[in-house]
Amino acid sequence: EYYENYFPTTSTYWENDFFYIDTYEELACIEETDYEYCNYYFYIPYDEEGNPIDDDYGWIDVIVEIPEDIDATFSEYATELYDMYNLYYGEDFVYTCTYEETEFCGYDSVQLTLDYDDGEFAELVKYIIFTDGENLFAIEIGAEPSYIGLFDTLCDIVENNLYINDGSVVDD
């Protein structure tokens, strides 16, 4: 279901070597940067009229790393991210941060949910960190607090419509 809306192209289906998103919402892949050990995918939703929603209002950011020691990297990444929010943001912002060990797409994961408010820097953010045994996935879902409905929709898309690939990609 691709259609051209000037730039960027929007779709309800996106696929790469690592995962695919198959949803009812129009998403635009704003930036895809390939590094030697890290792949970065950034999606923003479109409104009912086909106009992009500003990425300050809501986004899905997927980082895929290919580390040398996957187990150590997974544990360190989750711990460092949690510590960063507790040490840095704890001093300067009004926030809540929860740390939960759970499952995502059949893999053990750590989920961090952050709600902080400091005027123009207020955000709702959820991180999902997991490994498929070869790659480290760090998914960030975020939105401004006034867009709680959009945040919930983006979380729903990631939790119910993002699937980990088995390595095969279908060309559209």
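The rules behind the values
- Residues numbered from 1 in each chain as written.
- Predicted model: local features only at pLDDT ≥ 70, side-chain atom pairs only at ≥ 80, totals over all residues.
- Heavy atoms only, no water.
- Helix = DSSP H or I, 4+ residues; strand = E, 2+ residues; numbered from the N terminus.
- Buried < 20%, exposed > 50% of the residue type's maximum accessible area, 1.4 Å probe, protein only.
- Contact = heavy atoms within 4.5 Å.
- Areas by Shrake-Rupley, 256 points an atom, 1.4 Å probe, with all protein chains shown as cover.
- Phe/Tyr/Trp six-rings, centres within 6.5 Å; stacked < 30°, edge-to-face > 60°.
- Expected span 1.5 Å × (residues − 1).
- pLDDT = per-residue confidence, 0-100.

Moving on, we come to the overall build of the chain. Within the chain one finds 2 helices and 10 strands. Taken from N to C terminus, the helices and strands of the chain fall in the order β-β-β-β-β-α-β-β-β-β-α-β. Relative to its full complement of 172 residues, the chain shows a buried share of 45%. Here the contacts in the chain between residues at least 6 apart in sequence split such that 45% fall between residues at least 24 apart. When the accessible surface of the chain is summed, it comes to about 9500 Å², and 45% of that surface belongs to carbon and sulfur atoms.

Turning our attention to unusual backbone geometry. Even without being a glycine, C105 presents a positive backbone phi close to 55°. Inspection of the secondary structure assignment puts C105 in the loop between β6 (94-104) and β7 (107-117). Classification of C105 by relative accessible area gives partly exposed; the value is 34%.

With that out of the way, let us pick up the packing of aromatic side chains. Any aromatic ring pair is given by two values, namely how distant the centres are and how the planes are angled relative to each other. This structure, assessed with the given rule, holds 10 aromatic pairs. Taken together, a centroid distance of 5.3 Å and an interplanar angle of 90° make the contact between F19 and Y41 edge-to-face. One end of the pair, F19, is in strand β3 (residues 19-34); the other, Y41, is in strand β4 (residues 38-45), with 22 residues separating them in the sequence. On the basis of relative accessibility, which here comes to 4%, the residue Y41 falls in the buried class. Put simply, the rings of W14, F19, Y41 and Y43 touch in pairs and so form one group of aromatic residues.

As for its position among the elements, E25 is in strand β3. Spatially, the C-alpha atom of E25 lies 7.9 Å from that of S11, the residues being 14 residues apart in sequence. When sequence neighbours within four positions are dropped, the list of residues in contact with E25 reads S11, T12, T153 and I157.

Think of an α-helix as turning once every 3.6 residues; residues three or four places apart then point the same way. Compared with the 20 Å implied by 1.5 Å per residue over 14 residues, the 19 Å span of helix α2 (residues 148-161) between its first and last C-alpha is a close match. Looking only at α2, the buried set comprises L150, F151, L154, C155, I157, V158 and N161.

When the pLDDT values of the chain are averaged, the result is 78; 72% of them are 70 or greater. Mean pLDDT across the elements of the chain bottoms out in strand β1 (residues 2-3) (42) and peaks in strand β10 (residues 162-164) (94). Counting contacts from residues 1-6, a segment whose pLDDT is below 50, to residues more than four positions away or on other chains yields 16 contacts.

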